[in-house]
Amino acid sequence: KGINNFLKSFYDFKSKNKVASDLEHYDQSIENIELAIRDMIDAVLKDAAEEDAYEELVPPHIRVKIKGKIEAFMAKNPGEQPEDYSSLRAKLNFFDISEYKETITNKQNWSIFQKYFGKPGVLDNRFNQLGELRNCIRHSRFPNEVTQKDGEASISWFESILYKSQS
């Protein structure tokens, strides 16, 4: 009876509209991966740039989106200082998963990221898997088993790359 109650606790969330407790650790893993991706993009692009990594290596359409996101944030938070959002790393905080992927796989940048990520098709697939699990968790939708397993695989894949490259 105790084991059944324990196992039931993982599935009670469906009727209570909340994320299952066994998915909470994925949320933290995904958050850590996003932070590590930002740090990696920052470091790699700064090393590759001549002067201004953001202006030189972030695709123009992404720069336009990020400018809009920062302006909207500043309008809602008038106490913030624009100079706090001038560095590449600060701007990366406004990127979403698809913008990380586009920046990394951009024709101009792929050659400097390829040694970390291998083939662009594999990276694209892993970003999609990670994004799908992330969106399910963050929007309180329970992922089906395939989405969860694909997300687990993408978490492991990203962790093996990102944490190895940091050491």
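This report concerns the structure included in the present document. (Residues numbered from 1 in each chain as written. Predicted model: local features only at pLDDT ≥ 70, side-chain atom pairs only at ≥ 80, totals over all residues. Heavy atoms only, no water.)

What follows concerns the packing of aromatic side chains. Taken as a whole, this structure holds eight aromatic pairs when the rule is applied. Seen from their ring centres, Tyr85 and Phe94 are 5.8 Å apart, and the 75 degrees between their planes marks the pair as edge-to-face. There is no split in this pair, since Tyr85 and Phe94 are both buried. Site record: aromatic cluster; members linked through ring pairs are Phe113, Phe117, Phe127, Trp157 and Phe158. Positioned over the ring face of Tyr54 is Lys91, at 4.3 Å from the centre of the ring. (Phe/Tyr/Trp six-rings, centres within 6.5 Å; stacked < 30°, edge-to-face > 60°. Buried < 20%, exposed > 50% of the residue type's maximum accessible area, 1.4 Å probe, protein only. Lys NZ or Arg CZ within 6 Å of the ring centre and 35° of its normal.)

By size, the foremost hydrophobic cluster in this structure holds 40 residues, and its most contacted members are Ile37, Ile104, Phe113, Phe117 and Phe158. Those elements that place two or more of their residues in this core are α3 (24-48), α4 (53-57), α5 (60-76), α6 (88-92), α7 (97-105), α8 (110-117), α9 (120-138) and α10 (145-166). The element contributing the most residues to this core is α3, with nine residues. If we ignore the near neighbours within four places in the chain, the residues touching Ile37 are Tyr100, Ile104, Phe127, Phe158 and Leu162. (Core = buried A, V, L, I, M, F, W, Y, C linked by side-chain atoms within 4.5 Å. Helix = DSSP H or I, 4+ residues; strand = E, 2+ residues; numbered from the N terminus. Contact = heavy atoms within 4.5 Å.)

At a minimum axis distance of 11 Å, the contact between α5 and α7 shows a crossing angle of 150 degrees. By the angle between their axes, α5 is roughly antiparallel relative to α7. Considering the relative orientation of α5 and α7, their crossing is left-handed. Across the interface between the two elements, His61, Ile62, Lys65, Ile66 and Lys69 from α5 touch Glu99, Glu102 and Thr103 from α7. By residue class, the composition of the contact of α5 with α7 is two nonpolar, two polar and four charged. (Axes fitted to C-alpha atoms, helices over the stretch in contact; angles between N-to-C directions. Parallel < 35°, antiparallel > 145°, perpendicular 65-115°, else oblique. Left-handed = near helix turned anticlockwise from the far one by under 90°. Nonpolar A, V, L, I, M, F, W, Y, C, P; charged D, E, K, R; others polar.)

Moving on, we get to the packing of α3 against α7. Axis separation between α3 and α7 bottoms out at 11 Å; the angle between their running directions is 30 degrees. The angle between α3 and α7 falls in the class roughly parallel. For the element pair α3 and α7, the recorded crossing hand is left-handed. Across from Glu34, Ile37, Arg38, Ile41 and Leu45 in α3, the residues of α7 making contact are Ile97, Tyr100, Thr103 and Ile104. Partitioning the contact of α3 with α7 into residue classes produces six nonpolar, one polar and two charged.

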